[in-house]
Amino acid sequence: MSRVFALVDCNNFYASCERVFDPSLASRPIVVLSNNDGCVIARSNEAKALGIPMGAPFHEFKRLADHDKVEVFSSNYPLYGDMSARVMRTLAEFTPDVEIYSIDEAFIDLGHLAGRRPADVARELAQRVRRDTGIPVSVGLGPTKVLAKAANRIAKRNPETGGVLDLDALGPHRDAHLAQIDVKDVWGIGRRWSKRLHEDGIHSALDLREADPHLVRRRFNVVVERIVHELRGFSCLSLEQAVPPKQRIMTSRSFGERVTRYEDMREAISAFTARTAAKLREQKSRAGALMVFIQTSPFNEQEPFYQNGATRQVVPPARDSGDLIAVAQDALEAIWKDGYRYMKAGVMLLDLSPEDVVQERLFGAVDNASESERTKLLGVLDGLNEKMGRGTLHYAAEGDGKAWKMRQDHRSPGYTTRWGELPIARAADTP
DNA sequence: TCTGGGGTCCTAGGACCC
DNA sequence: TCTGGGGTCCTAGGACCC
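Predicted, not measured: the structure shown is a model, and the values here were computed from it.

A. Quick look at the overall build of chain A. Within chain A, the regular secondary structure consists of 14 helices and 12 strands. For chain A, the proportion of its 431 residues judged to be buried stands at 46%. A fraction of 69% describes how many contacts in chain A between residues 6 or more apart in sequence connect residues 24 or more apart. Total accessible area on chain A stands at roughly 23,000 Å², and carbon and sulfur atoms take up 51% of it. On chain A, the mean spot of the 60 positive side-chain charges and the mean spot of the 59 negative ones are 2 Å from each other.

Written out as structure tokens, the structure reads:
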């Protein structure tokens, strides 16, 4: 009994999210920009057809976008996160065997749906997601994750599939399709490795499948070897349902304007630390170490480049924003240099452990009473910021952000913050 | 003028210990 | 004066993902 993996992938996810709330955007070219309105990170099919590439610096395509009346959006992550949760909930109604792989993708195990063809189930599932959330999805099916990914790619590129394709149902056409997938587009093969593979005469997914696994391991590593096995239909990557707690948590931003003053940078670092600490508490962890980094623009050749980071132990491991801000400010002081125009900075929490494991303090026992007071206070802080929007309550050290906040000139209007109060929107063309 | 953010895994090499 | 070998842990760097 072979298993059947399905990869469900939302089509042009961020662009589709914007469309759900504004039906007049249907069939119009849409691009969504990265933080700070820097790069293009999502495009509707119409924008793709105009030749706007993924990841391109937006300023290079601004004129084209103006000329062709492209709808431009700053990214709106609270909205996309809410829509993602709705999609994932809809999938979970179908089967409990769901691995949420990214904000817009999930793997599903369709191996034990007795008596039904997997592709039929997948089609029903895609229709349900579309009906309940307004988001169009594609589904690829195969005996391994790598093959399900490939199937999804084929489904997206071949409209006659209706967005659903089972690789094992292709029969003799299967290898022809795999031969058309460049090896760089195989899941897990990036730019570097695909270049080397091409040099070795391995150009397509089919070529890679036919390669000798031992040889591949010698020339590359176990990761690529696993991909060869997966392409052959031997599953090496399983469905990961229990999300392990993150091992590091980071907040970093490019600034809307270059930062030159120490006080402004200290505010930014404090705000990033507070945000990171909130994420830390969300997954119920403590941090045993903290890293701060700052950097100038690597693109500007007229100015000297400077980049530095400092890591500090946090003793004892902490979850309190105030404690972590103090450590972060100390780390910043060690790396700050006057005279540079800083473009970006960030804070990373490392050496994470479960929050309920408290190490003995070196001197004296932990004061349980004040510890539980502190926990209550942090709960109130996080609760308010979640309900009323980030930054409702913040530490004085964070300042007002005027000097460093990112640019977001094209943000969609405020349907975003309070999902629970929204009417449910439906795409115009669903039955 | 304008170039994102947040993660993971694997490996090599050094420190340290017995 | 000679000067082993193996294990573990940690870190940095390189690759990948969306």
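B. A look at the sheet that holds strand 12 (residues 342-354). Sheet architecture is open: four strands sit in the order 9-12-10-11, paired in antiparallel fashion. A single partner strand is all that each edge strand has here, and the edge strands are strand 9 (249-259) and strand 11 (307-318). Across the sheet, the axes of successive neighbouring strands diverge by a mean angle of 15°, strand direction being ignored. In this sheet, strand 12 lies alongside strand 10 (residues 285-296) in antiparallel orientation, the contact comprising 11 bridges. Bridging across to strand 12, V292 finds its partner in V347. Running over the sheet, helix 12 (residues 262-282) touches strand 9, strand 10, strand 11 and strand 12 and is turned about 155° from strand 9.

C. Region of the structure containing the packing of helix 12 against helix 13 (residues 321-335). With their axes 9 Å apart at the nearest point, helix 12 and helix 13 run at an angle of 140° to one another. Relative to helix 13, helix 12 is oriented oblique. Between helix 12 and helix 13 lies a crossing of right-handed hand. From helix 12, Y262, M265, R266, I269, S270, T273, A274, A277, L280 and R281 reach across to helix 13, where they touch S321, L324, I325, A328, Q329, L332 and E333. Here the contact of helix 12 with helix 13 is composed, by residue class, of 10 nonpolar, four polar and three charged.

D. Region of the structure containing helix 6 (residues 145-157). The first and last C-alpha atoms of helix 6 sit 19 Å apart over 13 residues, in line with the 18 Å expected at 1.5 Å per residue. With 10 of its 13 residues buried, helix 6 lies for the most part within the structure.

E. Looking closely at the pattern of salt bridges. Across all of its chains, the model carries 28 salt bridges by this definition. Salt-bridge contacts for R28 lead to E71; the nearest nitrogen and oxygen are separated by 3.1 Å. One end of the pair, R28, is in the loop between helix 1 (13-21) and strand 2 (30-33); the other, E71, is in strand 4 (residues 71-74), and 43 residues separate them in sequence. Notably, a salt bridge pairs K402 with D400, separated by 3.5 Å at the nearest N-O pair. On the basis of relative accessibility, which here comes to 73%, the residue K402 falls in the exposed class.

F. Representation of a nonpolar patch on the surface. Side chains of V380, L384, M388 and L393 sit close together on the surface and give an oily, nonpolar patch of about 340 Å² of accessible area. Within the secondary structure, L393 is located in the segment after helix 14 (368-388).

G. View of the protein's contact with DNA strand B. Taken together, 22 residues surround DNA strand B, and among them S34, M250, S252, R253 and S254 come closest. A breakdown of the atoms of DNA strand B within 4 Å of the protein gives sugar and phosphate a share of 75%. The contact in question runs from a phosphate oxygen of DNA strand B to an N or O atom on the backbone of M250, over 2.7 Å. Note that a phosphate oxygen of DNA strand B is positioned 2.9 Å from one of the side-chain N or O atoms of R253.

H. Geometry of the confidence of the model for chain A. Put simply, chain A has an average pLDDT of 90, and 93% of its residues get 70 or more. Low confidence marks residues 423-431, where pLDDT is under 50. Its contacts with residues over four positions away, or in another chain, come to 10 contacts.

I. Quick look at the packing of aromatic side chains. Going through the model one piece at a time under the given rule, you end up with 14 aromatic pairs. Centre to centre, the rings of F13 and Y14 are 5.9 Å apart; their planes meet at 55°, and the pair counts as tilted. According to the relative accessible area criterion, F13 is buried, its value standing at 4%. Overall, the relative accessible area of 14% leaves Y14 in the buried class. Aromatic pair Y101 and F107: ring centres 5.7 Å apart, planes at 70°, arrangement edge-to-face. Under the relative-accessibility criterion, F107 is labelled buried at 0%. Taken together, Y262, Y306, W336, Y340 and Y342 form an aromatic cluster joined through their ring pairs.

J. Representation of the sheet that holds strand 3 (residues 40-43) within the structure. Taken together, the three strands give an open sheet; going across it, the order is 3-2-4, and neighbouring strands pair in mixed fashion. A single partner strand is all that each edge strand has here, and the edge strands are strand 3 and strand 4. Strand-to-strand twist in this sheet, taken as the mean axis angle between neighbours without regard to direction, amounts to 25°. As paired strands, strand 2 and strand 3 are joined by three bridges and run antiparallel to one another. Bridged to V32 within strand 3 is A42. Seen against the sheet, helix 1 touches strand 2, strand 3 and strand 4 and runs at an angle of roughly 115° to strand 2.

K. Summary view of helix 13. For helix 13, which comprises 15 residues, the first-to-last C-alpha distance of 21 Å matches the rise-based estimate of 21 Å (1.5 Å per residue) to within 8%. Of all the residues in helix 13, the buried ones are S321, L324, I325, V327, A328, A331, L332 and I335. The buried residues of helix 13 occupy an angular sector of 165° when projected down its axis, which confines them to one face. Residues of helix 13 that are exposed and point more than 90 degrees away from the buried face comprise E333 and A334. Here helix 13 starts with a cap whose side-chain oxygen sits 2.8 Å from the backbone nitrogen of G322, and that cap is D320.

Rules used throughout
Residues numbered from 1 in each chain as written. Chains lettered and ligands numbered in written order. Predicted model: local features only at pLDDT ≥ 70, side-chain atom pairs only at ≥ 80, totals over all residues. Heavy atoms only, no water. Helix = DSSP H or I, 4+ residues; strand = E, 2+ residues; numbered from the N terminus. Buried < 20%, exposed > 50% of the residue type's maximum accessible area, 1.4 Å probe, protein only. Contact = heavy atoms within 4.5 Å. Areas by Shrake-Rupley, 256 points an atom, 1.4 Å probe, with all protein chains shown as cover. Lys, Arg positive; Asp, Glu negative; His and termini not counted. Charge placed at Lys NZ, Arg CZ, Asp CG, Glu CD. Pairing = 2+ DSSP bridges. Axes fitted to C-alpha atoms, helices over the stretch in contact; angles between N-to-C directions. Parallel < 35°, antiparallel > 145°, perpendicular 65-115°, else oblique. Left-handed = near helix turned anticlockwise from the far one by under 90°. Nonpolar A, V, L, I, M, F, W, Y, C, P; charged D, E, K, R; others polar. Expected span 1.5 Å × (residues − 1). Salt bridge = Lys/Arg side-chain N within 4 Å of Asp/Glu carboxyl O. Patch = residues over 30% accessible without salt bridge, like charges linked within 9 Å, V, L, I, M, F, W, Y side chains within 5 Å. Near = heavy atom within 4 Å. Polar contact = N/O pair within 3.5 Å; in protein donor to acceptor, adjacent residues only side chain to side chain. pLDDT = per-residue confidence, 0-100. Phe/Tyr/Trp six-rings, centres within 6.5 Å; stacked < 30°, edge-to-face > 60°. Arc of directions from axis to C-beta.

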